[in-house]
Amino acid sequence: MIVKLKPALKSYLWGGTKLKKEWGKQSTEDILSESWELSFHKDGPCEIVGGEHAGKLLHVAATKADWGENCKGFGFFPVLTKIIDAAQPLSVQVHPSDEYALEHEGQYGKTEMWYILEAEPDAFLYLGFKRDMTQERFSAAIADGTICDYLNRVPVKAGDTYFIPSGTVHAIGAGITLFEVQQNSSLTYRVYDFGRVDKNGCARELHVEKAKRVAQLKAKAVPDPARGVLLGKCKYFSVYRYTGERKIGRKDSYVCVTALDGSIKLGGITLKKGETAFMSAGETASVKGSGQYAVICTEKD
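Residues numbered from 1 in each chain as written. Predicted model: local features only at pLDDT ≥ 70, side-chain atom pairs only at ≥ 80, totals over all residues. Heavy atoms only, no water.

Engineer: Which parts of the structure should I look at to understand the sheet that holds strand β21 (residues 285-288)?
Structural biologist: Pairing between the strands of a sheet comes from backbone hydrogen bonds, and it takes one of two forms, parallel or antiparallel. With respect to topology, 4 strands assemble into an open sheet ordered β16-β21-β18-β19, the strand pairing being antiparallel. Of all strands in the sheet, those with a lone pairing partner are β16 (246-248) and β19 (269-272), marking the two edges. Going across the sheet, the axis of each strand differs from the next one's by a mean of 25°, ignoring polarity. Sheet analysis places strand β18 (residues 263-266) next to β19, joined by 4 bridges and oriented antiparallel. For Lys-265, the partnering residue across the bridge sits in β19 and is Thr-270. (Pairing = 2+ DSSP bridges. Helix = DSSP H or I, 4+ residues; strand = E, 2+ residues; numbered from the N terminus. Axes fitted to C-alpha atoms, helices over the stretch in contact; angles between N-to-C directions.)

Dropping the structure here:
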């Protein structure tokens, strides 16, 4: 099957209005933070738009055969993709590895990558520590609110891509819209939230003790951002960025296509900026149009 997807939309206190105003997302919420573009996750499953599967949830309509041979080793569909509007900074956080998450949480950990779609002047990310940390210093920096002083502050601009392995302490800064490709997991251990409270005056939950068990405390050199065709690759996902016409499809993997700007046609489906389609393993289709788009699949090494 080749189907267009209706995303699951999320509103958190750090979100903005770009997903509605610039990316065409329809919601009664004033603030939108995330659009889950390809999601089999129970916390925000995608719905199929049009065709014989119209109205069905993707995870119901798509079988493991649709996932493809390269996904046979996974207990869950391996990938979740999002468009994120960070009007305010996200919390400083860390995600566990598969080993820790499966043992303690009953789901996979979370490795992810970020492709920067838009960035205001002076926008930045936090990615890993710039000096080796001890457990004691890590705990003290969280407690006294100085944790950001120990993290790499990485300026970003549109077109940059950064890969974030599990265990990396990180945060998305304010004024950034990005395309995130991650493992199909909702596990986030929040360690610092800038003293914010929600609309009810309540602080969000922190997960400091869990974070201390999984955080990589060694200094991390920040690599140059990926800016080529292949944006990122791991055992869970590969992400390619293309512009222009080409034929896509794989015998051994599903393929997901998200329009990043302009408009494209995938077979008989039109994808405007910010819209996504899912292709079953074994399907092929031609992409037409001049827009830029991301292609996600799962490849074996």
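From this point, the discussion proceeds with the structure in view.
Engineer: I would appreciate a short explanation of the nonpolar core in the present structure.
Structural biologist: If you look at soluble globular proteins, the nonpolar side chains tend to sit buried side by side. Counting residues in each nonpolar core, the largest one holds 36 residues, and the members touching the most others are Leu-38, Leu-58, Phe-179, Phe-237, Phe-278 and Ile-296. Residue assignment for this core shows that the elements contributing at least two residues are β1 (2-6), α2 (58-61), β5 (79-86), β7 (112-119), β12 (176-183) and β22 (292-297). The dominant element in this core, judged by the number of residues it contributes, is β7, at 3 residues. With residues up to four places along the chain from it excluded, the contact list for Ile-296 reads Val-79, Phe-179, Val-181, Phe-237, Ser-238, Val-239, Tyr-254, Val-255 and Cys-256. By size, the runner-up hydrophobic cluster in this structure holds 25 residues, among which are Tyr-100, Phe-124, Tyr-126 and Leu-187. (Core = buried A, V, L, I, M, F, W, Y, C linked by side-chain atoms within 4.5 Å. Buried < 20%, exposed > 50% of the residue type's maximum accessible area, 1.4 Å probe, protein only. Contact = heavy atoms within 4.5 Å.)

Engineer: Can you walk me through helix α5 (residues 135-143) in this structure?
Structural biologist: Side chains of residues three or four places apart in an α-helix project in the same direction, reflecting 3.6 residues per turn. All of the buried residues in α5 are Phe-138, Ala-141 and Ile-142. Viewed along the axis of α5, the buried residues span an arc of 100°, placing them on a single side of the element. When the buried face of α5 is taken as reference, the exposed residues oriented beyond 90 degrees from it are Glu-136 and Ala-143. The secondary structure elements touched by the buried residues of α5 are β8 (124-129), β13 (189-192) and α6 (208-214). One or two steps after α5, the chain reaches Gly-145, where phi turns positive at roughly 75°. (Arc of directions from axis to C-beta.)

Engineer: So what exactly am I meant to see when it comes to the packing of aromatic side chains here?
Structural biologist: The description of an aromatic ring pair rests on the distance of the ring centres and on the angle between the ring planes. Under the defined criterion, the tally for this structure stands at 18 aromatic pairs. Ring centres of Tyr-242 and Tyr-293 lie 6.1 Å apart, and the angle between their planes is 45°; on these two criteria the pair is classed as tilted. Taken together, the positions of Tyr-242 in strand β15 (residues 238-243) and Tyr-293 in strand β22 put the pair 51 residues apart, joining distant regions of the chain. Comparing Tyr-242 with Tyr-293 shows no difference in burial state: the two are buried. Taken together, the aromatic side chains of Phe-40, Trp-67, Phe-77, Tyr-254 and Phe-278 make up a single cluster linked through ring pairs. In this structure, Lys-273 packs its charged tip against the face of Trp-23, placed 4.4 Å from the ring centre. (Phe/Tyr/Trp six-rings, centres within 6.5 Å; stacked < 30°, edge-to-face > 60°. Lys NZ or Arg CZ within 6 Å of the ring centre and 35° of its normal.)

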